[in-house]
Amino acid sequence: MLQTALVSNFYFLSQLLFRKFKGSFLIRALGQWQEVEMGSHSVPVGGLAYYISPPRDFFEIFRDPIHALFYIVFMLGTCAIFSKTWIEVSGSSARDVSKQLLDQKMFNKGFRPSAIEDKLRKNIPIAASFGGMCIGALTIIADFMGAIGSGTGILLAVTIIYGYFEQYKKEKEKMGEGLFA
């Protein structure tokens, strides 16, 4: 989500600057845009905006492999960085998780409480980065397959639907009924 917001804001700024200052080298390096014949929107055709956009179809991966490779690296990198940052911001850092474990009296025998935090400090950022890269990979695959909408939109829809399913399941369990009764 954060990655999509970042790219959307970059696109907006790049289009705005390109319309006003087409002749500037720096603005063209940020992004060159072309109006689409069937529609009232622009698509990136050059500059950084082009390289951070997904390939338009599956065959473009082979026509312009540098674009596809740059897009893959950009998506995986930004998703990993945002995931790692989100862990620190959301209260899931090593210190926070260690405190929660100690408050619940959950710890490994033979380990000092500070050793648990040290162990978590090594593992949580790696797990967060890997998880972010997995979500980025799912988005890339959906974009390359030509899914309707974007890969991020599909992931968001699945997450929302799954959340509703979990809520439905909990309510049914509280009422003592079966899941589909």
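Residues numbered from 1 in each chain as written. Predicted model: local features only at pLDDT ≥ 70, side-chain atom pairs only at ≥ 80, totals over all residues. Heavy atoms only, no water.

## Let's talk about the state of the cysteines
Taken as a whole and judged by the stated rule, the model has zero disulfides. The thiol of cysteine 79 is unpaired, and the distance to the nearest cysteine sulfur, on cysteine 134, comes to 10 Å. On the basis of relative accessibility, which here comes to 32%, the residue cysteine 134 falls in the partly exposed class. (Disulfide = S-S within 2.5 Å. Buried < 20%, exposed > 50% of the residue type's maximum accessible area, 1.4 Å probe, protein only.)

## Examining helix H5 (residues 65-89)
Given a rise of 1.5 Å per residue, 25 residues ought to cover 36 Å, and the 36 Å separating the end C-alpha atoms of H5 matches this to within 8%. Every buried residue belonging to H5 is among His67, Ala68, Tyr71, Phe74, Met75, Thr78, Cys79, Ala80, Ser83 and Ile87, and all of these are buried. Following H5 by one or two positions, glycine 91 adopts a phi angle in the positive range, close to 85°. (Helix = DSSP H or I, 4+ residues; strand = E, 2+ residues; numbered from the N terminus. Expected span 1.5 Å × (residues − 1).)

## Overview of the nonpolar core
Core analysis: the largest hydrophobic core is formed by nine residues, namely Val7, Phe10, Tyr11, Phe18, Ile27, Trp33, Ala49, Ile52 and Phe74. Here this core takes four residues from helix H1 (residues 2-20), the largest share from any one element. Not counting residues up to four positions away in its chain, the partners in contact with isoleucine 27 are Leu17, Phe18 and Phe21. Ile61, Ala68, Ile140 and Phe144 belong to the second largest nonpolar core, which has seven residues in total. (Core = buried A, V, L, I, M, F, W, Y, C linked by side-chain atoms within 4.5 Å. Contact = heavy atoms within 4.5 Å.)

## Side note on the environment of phenylalanine 18
As for its placement among the helices and strands, phenylalanine 18 is situated in helix H1. With sequence-adjacent residues up to four places away left out, phenylalanine 18 is seen in contact with Ile27, Arg28, Gly31, Gln32 and Trp33.

## Description of the pattern of salt bridges
Scanning all chains against the criterion turns up four salt bridges. Where aspartate 103 meets lysine 99, a salt bridge forms, and the shortest distance between an N and an O atom there is 3.2 Å. Of this pair, aspartate 103 and lysine 99 both sit in helix H6 (residues 94-103), separated by four residues, roughly a single helical turn. A relative accessible area of 52% means that aspartate 103 is categorised as exposed. One salt bridge in this structure joins lysine 169 and glutamate 166, with 4.0 Å as the shortest N-O distance. A residue pair is termed a helical-turn pair when its members lie 3 or 4 positions apart in one helix, as lysine 169 and glutamate 166 do in helix H8 (residues 151-175) at three residues. Judged by relative accessible area, glutamate 166 falls into the partly exposed class, the value being 22%. (Salt bridge = Lys/Arg side-chain N within 4 Å of Asp/Glu carboxyl O.)

So, to be careful, I would describe these as geometric facts and stop short of saying anything about function.
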